[in-house]
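Fold and contact review
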Amino acid sequence: MHLLPSSSSSRLRLLSLALLLHVSFGVAAVDPLYAVCSTSRNYTANDAFGDNLRQLMFMLATKASPIGFALGSVGQGGARANGLALCRGDIKSTACTTCVRTAGARVRDLCPNNKDGIIWFDECMLRYSDVEFFGEIDFDHRFYMWNRENVSDAVMFDGKVENLMNRLKQKAYISPLLFATGEMEIGESQELYGLVQCTKDLSGGDCKKCLEAVIGELPSCCDGKRGGRVVGGSCNIRYELYPFFDA
Ligand SMILES: *[C@@H]1O[C@H](CO)[C@@H](O)[C@H](O)[C@H]1NC(C)=O
Ligand SMILES: *[C@@H]1O[C@H](CO)[C@@H](O)[C@H](O)[C@H]1NC(C)=O
């Protein structure tokens, strides 16, 4: 898979992938897909924000397991840490807890002293900030991944991908989990598999808007590619020519 941030924002520092090979708390070295730290506001080692952030990470891992989503804040004023964790909708609760715990540890390693960070794994994502960001579509954080291989008929294929993604969007935004997976036959015994998901702090209407925006980026991301993902802070989509989720 190739990886590229879809846009660069001056207040966001992109992390070198070499940094991402760290291992924390003896958790197996599952590599994050991507992480972004904001360096515009920092905390120091003996500052209350650091303590609040540690407590927040613990709380998110505990709260996320029953429904695959957690939202929370710890502390007051400028030391308040706000966070959100989301597991992929088909992930079991024990795997969700493990993923969120790993994400919390890794993002603190990768964004030392930064008051704002976000990290994505295959099975979960985690975002924290000193600024409360709940309930708003995140248009700032976004990256693409795609399969290097091309399909033979890009125009036909891209049309089917868009069609499947739109169908899943219609399903997801009215569902309680804001999540949908599905498949579509695209020719002689070939199936296209798709997944779409929003963070559950969004309303159904904003989930729909968020998914429309990322689906709209498919031509820039994944034109004619056998697999692709557009991943953001509030929603993400993925398609492949093989099953990659638990139905
Ligand atoms: C925060 O720390 C980073 C280094 O980790 C530094 O580059 C940046 O300038 C700092 N930001 C502020 C506002 O001090
Ligand atoms: C896929 O298509 C692109 C654009 O036409 C081309 O640059 C690339 O080399 C192709 N990839 C493979 C693996 O053939």
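Structure's up top.
Notes on the structure in this doc start here. Treat the numbers as computed from the prediction; the structure is a model and nothing was measured. (Residues numbered from 1 in each chain as written. Chains lettered and ligands numbered in written order. Predicted model: local features only at pLDDT ≥ 70, side-chain atom pairs only at ≥ 80, totals over all residues. Heavy atoms only, no water.)

In terms of nonpolar packing, the biggest core is built from 31 residues, with Leu211, Leu218 and Ile237 touching the most fellow members. Mapped by element, the contributors of at least two residues to this core are β8 (142-146), α3 (154-172), β9 (179-185), β10 (191-198), α4 (204-215), α5 (218-222) and β12 (235-240). Here this core takes six residues from α3, the largest share from any one element. In terms of nonpolar packing, the next biggest core, distinct from the first, is built from 28 residues, Met57, Cys87, Val100 and Cys111 among them. (Core = buried A, V, L, I, M, F, W, Y, C linked by side-chain atoms within 4.5 Å. Buried < 20%, exposed > 50% of the residue type's maximum accessible area, 1.4 Å probe, protein only. Helix = DSSP H or I, 4+ residues; strand = E, 2+ residues; numbered from the N terminus.)

So, on to the pairing of β8. Across the five residues of β8, five count as buried, placing the element largely inside the fold. Here β8 shows a buried face lined by Arg142, Tyr144 and Trp146 and a second buried face lined by Phe143 and Met145. Here β8 runs beside strand β11 (residues 228-232); their pairing, made up of five bridges, is antiparallel. Looking at the pairing, tyrosine 144 lines up with valine 230 of β11. (Pairing = 2+ DSSP bridges.)

By the element assignment, glutamine 197 lies in strand β10. Overall, glutamine 197 belongs to the buried group, its relative accessible area being 2%. Within the local environment of glutamine 197, its side chain forms a polar contact with the backbone oxygen of cysteine 87, the two atoms lying 3.1 Å apart. Within the structure, the side chain of glutamine 197 is placed 3.4 Å from the backbone nitrogen of glycine 89, a separation counted as a polar contact. In this structure glutamine 197 touches Leu86, Cys87, Arg88, Gly89, Leu178, Phe179, Leu211, Ser234, Cys235 and Asn236, once residues within four positions along its chain are discounted. (Polar contact = N/O pair within 3.5 Å; in protein donor to acceptor, adjacent residues only side chain to side chain. Contact = heavy atoms within 4.5 Å.)

Close to ligand 2 lie Arg148, Asn150 and Lys225. Contacts to ligand 2 include asparagine 150, whose side-chain N or O atom sits 2.4 Å from an oxygen atom. The protein chains hide 30% of the 370 Å² of surface that ligand 2 would expose on its own. (Near = heavy atom within 4 Å. Areas by Shrake-Rupley, 256 points an atom, 1.4 Å probe, with all protein chains shown as cover.)

Next up on the list: the state of the cysteines. Taken as a whole and assessed by the stated rule, the structure comprises six disulfides. Covalently, cysteine 37 is tied to cysteine 111 through a disulfide, its sulfur atoms 2.1 Å apart. Negative torsions about the S-S bond denote left-handed disulfides, and the value of about -75° found for cysteine 37 with cysteine 111 makes this one left-handed. Of the two residues, cysteine 37 sits in strand β3 (residues 34-42) while cysteine 111 sits in the loop between α2 (93-110) and β6 (114-120), which places them 74 residues apart along the sequence. Judged by its relative accessible area of 0%, cysteine 37 is buried. Assessed through its relative accessible area of 0%, cysteine 111 is described here as buried. Residue cysteine 87 pairs covalently with cysteine 96 via a disulfide, S to S 2.1 Å. Every disulfide takes its handedness from the sign of the S-S torsion; for cysteine 87 and cysteine 96 that torsion is 85°, giving right-handed. The class of cysteine 87 is buried, set by a relative accessible area of 2%. (Disulfide = S-S within 2.5 Å.)

The topology assignment puts aspartate 90 in the loop between β5 (81-87) and α2. A C-alpha to C-alpha distance of 8.9 Å links aspartate 90 and glycine 68, two positions 22 residues apart in sequence. Discounting residues that sit within four places of it in the chain, aspartate 90 has contacts with Phe179, Phe245 and Asp246. For aspartate 90, the side chain forms a polar contact with the main-chain nitrogen of aspartate 246, separated by 2.8 Å.

Unusually for a residue other than glycine, leucine 178 sits at a positive phi of about 50°. Looking at where leucine 178 falls in the secondary structure, it is placed in the loop between α3 and β9. Of note in the backbone geometry, serine 189 takes a positive phi value of approximately 45° without being a glycine. Take serine 189: it is sitting in the loop between β9 and β10.

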